[in-house]
Amino acid sequence: MTCADCLDTLGPFIDGELPPDEAALVKEHLGGCADCAAAHRRLVETSSRVKGALMRYQAPDVLKARIRASLAETAREAPSQRAVAAMARGRVWPRMLAAAAVVAMMCSAATLAVVHQRTPSNSIEQQVLASHIRSLLPGHLTDVASNDQHNVKPWFNGRVNMSPDVPRLDSLGFPLVGGRLDYVDGHNVAAVVYTRRQHVINVFSWASPGPAEQTAAVSSANGYHLIRARHNGLEIWIASDLNESELENFARMVIPRR
Ligand SMILES: [Zn+2]
C-alpha cells in the first residue's frame, strides 16, 4: 500500500467502514510509516474533538454534495504547474480534494460540530478552519518554504490576484516559515505561514471589495482560534491553536491599525 492510498482510506478506516482485509493493509502500513501514522493520529484527535464539541450543526446538503462530487474526481495531478493549469481551466485542484477529504472525515459522523464563543457560524469560518487543519497534515504546510519575505511575497505573483503582506516578525518571536496557495470560499487564497514555539499560524488573505472594518472578530472552535479582519481591500483570516492573547498580539502586527 502506498502512502497516498493509505491517506485516501484513513477516513473510512477510522470510521470502521473498510472491509477487514483492506483495514489490515492500512493497519500494517500505519505500523511501518511514521508520516501516515502521524496523519492518522491527528485525524483521530480532530475527529474526537469534533464529536466531543458542545454544539452540533448538520452539514448543509450542498456541502455534502460538493464534497462527494470533489471526491469523485479521482485524477491526481502531482506537479504543481499542471495543477495550477488545471485549476485555471476550472477543474478541481488536488489540494481541494485533500481539504474536502478532511471535511468529509469531519462530516462522516453526519454532523459538523463547531463551538463558537463570540461569532455565529458561517461557512467561510468552517472552510478556514478546515484549511488550517489540513495544512497541519504532513507535507501540506508550505508550497514555498523560506524564512525570507523576499522569497515568499513574490512567490504569490500570478498565483493570486493580490499581493499579501509578509512582514518579517522573527525578532518578535514569530518566525516566517513560508507560503502556500489555498482555496477558500471559491477563491484562490494566499496563506502565509508563521510559527510561535510549536504552534503553526496561518494567515489567509484574498481580495475582497468592501469597507474596511476596524475591529477584527475572534472566534474559537475546538481549541483553534480564528481572527478575521478586513483591511486595504483584503479579507484576512488568522488561524492557530496558539493561545488567544498571543494570537491577538500577532494579529496587531500583521493587521496594522487594528
Ligand atoms: Zn505512509
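Residues numbered from 1 in each chain as written. Predicted model: local features only at pLDDT ≥ 70, side-chain atom pairs only at ≥ 80, totals over all residues. Heavy atoms only, no water.

Novice: Tell me about the nonpolar core, residues and numbers included.
Specialist: Tyr194, Ile201, Val203, Ile238 and Phe250 are the most contacted members of the largest nonpolar core, which has 28 residues in total. Counting residues per element, this core draws most heavily on helix α9 (residues 244–254), at 4 residues. Those residues in contact with phenylalanine 250 that sit more than four places away from it in its chain are Leu169, Phe174, Tyr194, Ile201, Val203 and Ile238. (Core = buried A, V, L, I, M, F, W, Y, C linked by side-chain atoms within 4.5 Å. Buried < 20%, exposed > 50% of the residue type's maximum accessible area, 1.4 Å probe, protein only. Helix = DSSP H or I, 4+ residues; strand = E, 2+ residues; numbered from the N terminus. Contact = heavy atoms within 4.5 Å.)

Novice: Kindly report on the coordination of the zinc ion, identifying the contributing residues and their values.
Specialist: Distances from the zinc ion to its protein donors, Cys3 (SG), His29 (NE2), Cys33 (SG) and Cys36 (SG), fall at 2.1 to 2.3 Å. One can describe the site at the zinc ion as tetrahedral: its 4 donor atoms subtend angles covering 103 to 113° at the metal. Classification of cysteine 33 as buried rests on a relative accessible area of 14%. (Donors = N, O, S within 2.8 Å, 3.2 Å for Na, K, Ca; no water. Tetrahedral: all angles 85-135°; square planar, octahedral: opposite > 155°, others 65-115°.)

Novice: An account of the packing of helix α1 (residues 3–14) against helix α2 (residues 20–32) is needed here, citing residue identities and associated values.
Specialist: As a packed pair, α1 and α2 sit with axes 10 Å apart at the nearest point and diverge in direction by 120°. Between α1 and α2, the crossing angle belongs to the class labelled oblique. Our pair here, α1 against α2, has a crossing hand that is left-handed. Taken together, the residues of α2 that come into contact with α1 (itself represented by Cys3, Cys6, Thr9, Leu10 and Phe13) are Glu22, Ala23, Val26, Lys27, His29 and Leu30. Its residues placed into classes, the contact of α1 with α2 shows 7 nonpolar, 2 polar and 2 charged. (Axes fitted to C-alpha atoms, helices over the stretch in contact; angles between N-to-C directions. Parallel < 35°, antiparallel > 145°, perpendicular 65-115°, else oblique. Left-handed = near helix turned anticlockwise from the far one by under 90°. Nonpolar A, V, L, I, M, F, W, Y, C, P; charged D, E, K, R; others polar.)

Novice: Break down the pattern of salt bridges for me, citing the residues and quoting the values.
Specialist: All chains considered together, the criterion is met by 7 salt bridges. Across the salt bridge formed by arginine 168 and aspartate 170, the nearest N and O atoms sit 3.4 Å from each other. Residue classification places aspartate 170 among the partly exposed positions, given a relative accessible area of 28%. Between glutamate 246 and arginine 196 there is a salt bridge, with its nearest N and O atoms 2.7 Å apart. With glutamate 246 in helix α9 and arginine 196 in strand β5 (residues 187–196), this residue pair connects regions lying 50 residues apart in the sequence. Looking at arginine 196, the relative accessible area reads 19%, which means it is buried. Three or more residues joined by partner-sharing salt bridges are found here, namely Arg134, Arg180 and Asp182. (Salt bridge = Lys/Arg side-chain N within 4 Å of Asp/Glu carboxyl O.)

Novice: Account for the pairing of strand β6 (residues 199–207), naming residues and giving values.
Specialist: As a general feature of sheets, a regular strand has side chains that alternate between the two faces. Where burial is concerned, most of β6 is hidden: 8 out of the 9 residues are buried. Pairing geometry for β5 and β6, over 7 bridges, is antiparallel. If you follow valine 192 over to β6, its bridge partner there is valine 203. Where β6 and strand β9 (residues 234–240) come together, 7 bridges link them in antiparallel fashion. Paired with valine 203 across the strands is isoleucine 238, a residue of β9. (Pairing = 2+ DSSP bridges.)

Novice: Explain unusual backbone geometry to me, using residue names and the numbers behind them.
Specialist: With a phi close to 55°, aspartate 185 is a non-glycine residue in the positive phi region. Turning to its location among the elements, aspartate 185 is positioned in the loop between β4 (176–184) and β5. With a relative accessible area of 33%, aspartate 185 lands in the partly exposed category. Positive phi, normally seen in glycine, also occurs at asparagine 232, with a value near 50°. Among the secondary structure elements, asparagine 232 is positioned in the loop between β8 (224–231) and β9.

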